[in-house]
Amino acid sequence: MSQRLLGKTAFVTGAAGTLGSAIARAFAGEGVRALVLADLREDGLDIVAKELGIETVTATLDVTDGDAFDGAVADAVERFGTLDVLVNNAGNVSPNARVHNLSTKDFDDCVAVNLTGTFHGVRAGVRAMRGRGRLSIVNTASVAGLTAWPYCAPYSAAKAAVIHFSRVAALEYVKEDIRVNCVCPGAFPSTLTNGLPDGALDVLASRHPGGFGTAEDLVGAVVYLASDESRWTTGHALVVDGGYSLP
Ligand SMILES: NC(=O)c1ccc[n+]([C@@H]2O[C@H](COP(=O)([O-])OP(=O)(O)OC[C@H]3O[C@@H](n4cnc5c(N)ncnc54)[C@H](O)[C@@H]3O)[C@@H](O)[C@H]2O)c1
């Protein structure tokens, strides 16, 4: 195993979930010295933490709460002395429905976690680390933010906005050693996709020429963007989708 994140400290949201826990395991394998695992759900975080064998802090955090996000990141910086990597990975999906069947709450709930939550994370990272050292922020967007996903308008719109928000933030902080990039996964089986109706997953799978991926197929991209290997890359949306977005 390479040690591309040797000695670094990191903060990962959605860490009790499928991709977030895979990112945590990959970071530990790449030499991260200390990690905050944050999620709305407490259950699952301890299980992930016990696997890792490094200094780990678990934090119950609702990413829609900006003050709580500021506090959690500031605590991490104080405890670890610095924060090198912040992964805004928490996400939820909107109901599988066309626009006329969606409520305003359906739309707002999806935007609140995926977009506002990412804004809160980037803001918290910048507030805590600006002028103190180098920070790499990686936001989990989606190919749904690059291609039109029917029955998924709030989620697609929120993820598209995450990509563009990240580009603007990247430009604003490029001279201050703070990078902001996105990964854009294709669909992969997870707790999130388990909620889709029967048949929807098969339709999605059939649209990936390279077949369905797994969370483990995505973590290499996150490690790359988190590490100094990508030190001259910012504002980028790295697509990892088994060819989904090619046709
Ligand atoms: N699974 C896919 O097909 C797919 C495809 C593209 C992008 N993504 C994105 O990948 C990321 C991870 O999703 P996953 O597939 O691992 O799903 P998941 O449901 O396993 O993980 C998402 C995690 O986010 C947490 N979360 C939800 N709302 C939160 C909040 N308000 N505050 C804090 N945590 C919250 C959940 O508790 C969960 O643990 C998400 O951003 C998702 O949109 C997933």
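Our structure is the block above this text.
What you see is a predicted model; the values in this text were computed from it and never measured.

Reading the values: the criteria
- Residues numbered from 1 in each chain as written.
- Predicted model: local features only at pLDDT ≥ 70, side-chain atom pairs only at ≥ 80, totals over all residues.
- Heavy atoms only, no water.
- Helix = DSSP H or I, 4+ residues; strand = E, 2+ residues; numbered from the N terminus.
- Expected span 1.5 Å × (residues − 1).
- Buried < 20%, exposed > 50% of the residue type's maximum accessible area, 1.4 Å probe, protein only.
- Contact = heavy atoms within 4.5 Å.
- Pairing = 2+ DSSP bridges.
- Axes fitted to C-alpha atoms, helices over the stretch in contact; angles between N-to-C directions.
- Parallel < 35°, antiparallel > 145°, perpendicular 65-115°, else oblique.
- Left-handed = near helix turned anticlockwise from the far one by under 90°.
- Nonpolar A, V, L, I, M, F, W, Y, C, P; charged D, E, K, R; others polar.
- Near = heavy atom within 4 Å.
- Polar contact = N/O pair within 3.5 Å; in protein donor to acceptor, adjacent residues only side chain to side chain.
- Areas by Shrake-Rupley, 256 points an atom, 1.4 Å probe, with all protein chains shown as cover.

1. Here we look at helix H1 (residues 18-29)
Link 1 in the chain: Between its first and last C-alpha atoms H1 spans 17 Å; for twelve residues at 1.5 Å apiece the expected length is 16 Å, and the two agree.
Link 2 in the chain: In terms of burial, H1 is largely enclosed, as nine of its twelve residues are buried.
Link 3 in the chain: Of the positions making up H1, those classed as buried are Leu19, Gly20, Ser21, Ala22, Ile23, Ala24, Ala26, Phe27 and Ala28.
Link 4 in the chain: Of the surrounding secondary structure, the elements contacted by the buried residues of H1 are strand S1 (9-13), strand S2 (34-39), helix H2 (45-52), strand S4 (85-88), strand S5 (135-140) and helix H8 (219-226).
Link 5 in the chain: Just beyond H1, the residue with positive phi is glycine 31, at close to 95°.

2. Some thoughts on the sheet that holds S4
Two modes of strand pairing occur in sheets, parallel and antiparallel, and in both the strands are linked by backbone hydrogen bonds.
Link 1 in the chain: Taken in spatial order, the seven strands of this open sheet run S3-S2-S1-S4-S5-S6-S7, and their pairing is parallel. Each edge of the open sheet is held by one strand with a lone partner, namely strand S3 (55-60) and strand S7 (237-240). Pairs of neighbouring strands in the sheet enclose a mean axial angle of 15°, with direction left out of account.
Link 2 in the chain: Judged from the four bridges that link them, S4 and S5 form a sheet pairing that is parallel. Its bridge partner being in S5, leucine 86 is matched across the sheet by isoleucine 137.
Link 3 in the chain: Sheet strands in contact with H2 are S2 and S3, and its direction is about 165° off that of S2.

3. Regarding the packing of H1 against H8
Link 1 in the chain: Packing of H1 against H8 leaves a shortest axis separation of 9 Å and a crossing angle of 55°. On the basis of their axis angle, the class for H1 and H8 is oblique. Helix-helix and strand crossings are classified by hand; for H1 and H8 the assignment is right-handed. Contact residues: Leu19, Ala22, Ile23, Ala26 and Phe27 in H1; Val219, Val222, Val223 and Ala226 in H8.
Link 2 in the chain: Looking at the contact of H1 with H8 residue by residue, the classes come out as nine nonpolar, no polar and no charged.

4. Some thoughts on the site of the ligand
Link 1 in the chain: Around the ligand, a shell composed of 29 residues is seen, among which Thr18, Leu19, Asp39, Tyr155 and Ser190 lie nearest.
Link 2 in the chain: In the model, an oxygen atom of the ligand is placed 2.6 Å from a nitrogen or oxygen of the aspartate 39 side chain.
Link 3 in the chain: Interatomic distance of 3.0 Å between a side-chain N/O atom of lysine 159 and an oxygen atom of the ligand.
Link 4 in the chain: About the coverage of the ligand: the protein hides 94% of its 820 Å² of free accessible area.
Link 5 in the chain: Among the elements of the structure, H1, helix H4 (104-129), helix H5 (153-173) and helix H6 (191-194) are those that each provide at least two residues to the shell around the ligand.
Link 6 in the chain: Looking at the shell around the ligand, the element that brings in the most residues is H6, giving three residues.
Link 7 in the chain: Here the residues of the shell around the ligand are counted per class, giving 13 nonpolar, twelve polar and four charged.

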